[in-house]
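# Observations on chain architecture
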Amino acid sequence: MEQRKLKVILITGASSGIGEATALTLALAGHTVLLGARRTERLEALARRIKQNGSTAKAYTLDVTSQEDFQRVVADASAEFGPVDVLVNNAGLMPLAPMAALKADEWDRMIDVNIKGVLNGIQAVLPTMEERGGHIINTASIAAHNVFPTAAVYCGTKFAVRAISDGLRMETKKIRVTTISPGVVESELARTTTDADTKAWLEDFRKVALKPTAIANAIAYAISQPDDVNVDEVIVQPTAA
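Just so we're clear, the structure is a prediction, and the values are computed from it rather than from any experiment.

## Some remarks on the pattern of salt bridges
When the charged atoms of two side chains with opposite charge come close together, those side chains can pair. Applying the stated rule across the entire model yields 10 salt bridges. The closest approach of N and O atoms between Arg-169 and Asp-166, which form a salt bridge, is 2.8 Å. Placement of both Arg-169 and Asp-166 in helix 5 (residues 152-171) is noted, with a separation of 3 residues, approximately one turn of the helix. Across the pair Arg-169 and Asp-232 runs a salt bridge, and its minimum N-O distance is 3.6 Å. A residue pair is termed long-range when its members are at least 10 positions apart, and Arg-169 in helix 5 and Asp-232 in the loop between helix 7 (212-224) and strand 7 (233-236) qualify at 63 residues. For Asp-232, a relative accessible area of 40% puts it in the partly exposed group. One network of salt bridges, in which partners are shared, links Lys-5, Lys-7 and Asp-227.

## Re empty space enclosed by the protein
Tallied over the entire structure, the rule returns 1 cavity of 30 Å³ or more. One number sums up the size of the largest cavity: a volume of about 70 Å³. In terms of lining, the largest cavity is formed by 14 residues, of which the most central are Pro-95, Ala-97, Trp-107, Met-110 and Thr-150. Elements with a minimum of two residues in the lining of the largest cavity: helix 4 (104-132) and helix 5. Among the residues making up the lining of the largest cavity, the classes are represented as 11 nonpolar, 1 polar and 2 charged.

## A closer look at the environment of His-135
Topologically, His-135 is positioned in strand 5 (residues 134-139). A residue is classified by how much of its surface remains accessible, and His-135, at 1% relative accessible area, is buried. Along the backbone, His-135 and Thr-178 are 43 residues apart, and their C-alpha atoms lie at a distance of 7.7 Å. Beyond its immediate stretch of four places on either side in the chain, His-135 contacts Asp-85, Val-86, Leu-87, Met-129, Ile-175, Arg-176, Val-177, Thr-178, Ala-222 and Ile-223. For His-135, the side chain forms a polar contact with the side chain of Thr-178, separated by 2.9 Å.

## Some points on the packing of helix 3 (residues 67-81) against helix 4
It is at 9 Å that the axes of helix 3 and helix 4 come closest, and there the two elements cross at 40°. Compared by their axis directions, helix 3 and helix 4 come out oblique. Handedness of the helix 3/helix 4 crossing: right-handed. Across from Gln-67, Phe-70, Gln-71 and Val-74 in helix 3, the residues of helix 4 making contact are Gly-117, Asn-120, Gly-121, Gln-123, Ala-124 and Val-125. Split into classes, the residues belonging to the contact of helix 3 with helix 4 amount to 4 nonpolar, 6 polar and no charged.

## Section: the sheet that holds strand 4 (residues 86-89)
Here we have 7 strands laid out as an open sheet, ordered 3-2-1-4-5-6-7, and parallel in their pairing. Each of the sheet's edge strands pairs with one partner strand only, and the pair in question is strand 3 (57-61) and strand 7. Direction aside, the axes of adjacent strands within the sheet are offset by 15° on average. Here 6 bridges tie strand 5 to strand 6 (residues 175-182), and the two strands are oriented parallel to one another. By the bridge assignment, Asn-138 is partnered in strand 6 with Thr-179. Along the sheet, helix 1 (residues 17-28) makes contact with strand 1 (8-12), strand 2 (32-37) and strand 6, crossing strand 1 at roughly 165°. Across the face of the sheet, helix 7 comes into contact with strand 1, strand 4, strand 5, strand 6 and strand 7 while running at roughly 160° to strand 6.

## Details of the pairing of strand 3
Pairing analysis gives 5 bridges linking strand 2 to strand 3, with the strands arranged parallel. Bridging from a neighbouring strand, Leu-35 pairs with Ala-59 of strand 3. Between the parallel pair strand 2 and strand 3, the chain is carried across by helix 2 (residues 40-52), and the sense of this crossover is right-handed.

Reading guide: rules and limits
Residues numbered from 1 in each chain as written. Predicted model: local features only at pLDDT ≥ 70, side-chain atom pairs only at ≥ 80, totals over all residues. Heavy atoms only, no water. Salt bridge = Lys/Arg side-chain N within 4 Å of Asp/Glu carboxyl O. Helix = DSSP H or I, 4+ residues; strand = E, 2+ residues; numbered from the N terminus. Buried < 20%, exposed > 50% of the residue type's maximum accessible area, 1.4 Å probe, protein only. 1 Å grid on protein atoms, 1.4 Å probe; cavity = no way out; pocket = protein on both sides within 12 Å on 5 of 7 lines; lining within 4 Å. Points joined across faces, edges and corners; volume = space filled by probe spheres on them. Nonpolar A, V, L, I, M, F, W, Y, C, P; charged D, E, K, R; others polar. Contact = heavy atoms within 4.5 Å. Polar contact = N/O pair within 3.5 Å; in protein donor to acceptor, adjacent residues only side chain to side chain. Axes fitted to C-alpha atoms, helices over the stretch in contact; angles between N-to-C directions. Parallel < 35°, antiparallel > 145°, perpendicular 65-115°, else oblique. Left-handed = near helix turned anticlockwise from the far one by under 90°. Pairing = 2+ DSSP bridges. Right-handed = clockwise from strand over helix to strand, strands pointing away.

Put into structure tokens, the structure is as follows:
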């Protein structure tokens, strides 16, 4: 049986929700977790919590829409902990509204974070991973499989994440690529919705929701597989949905 390898794992969007739960779950398993997000105070608090439990963690202020930020974080983390073995591209936004609301600024933000943020992460780790192997995990959504009213642009970004993941997986023989597609999860994601009618509908829709740890466990499962096993995609939904 192959011995389990402890890894250096960079998680974006780590200050809350799925990212925070993933950091705690992976740290408990003994991995070194590197925490990236814009809310530095929350990251620092999470890093302290993980260290108090005897695991290794470090917080990095990271704006995933910035190529320079991503390159800096990966370079600094690699210098201190060694090359990044796993990247969890988890940062995301979900401000929902009908297309007719013409919230172009929100469309731009979703494209910048949900798509370009994933590409910036891939760009930052791809060269070293192609040399030594590695694992890129991209958080998509059930919205990468189905389109919902008020979610056309959000779904478009998540369809893109799924396509990028599939394409990268086909192009490499050294890097494992996994798409994680959660259903409704308890998180702060829905708070970015500004359209009043959509917000009311969303609150009702989200009454049945998974705990973030359910997604963290799926990510941990994909990482725990032997190097010659790639978990292409995991879709996780509430039983009662």
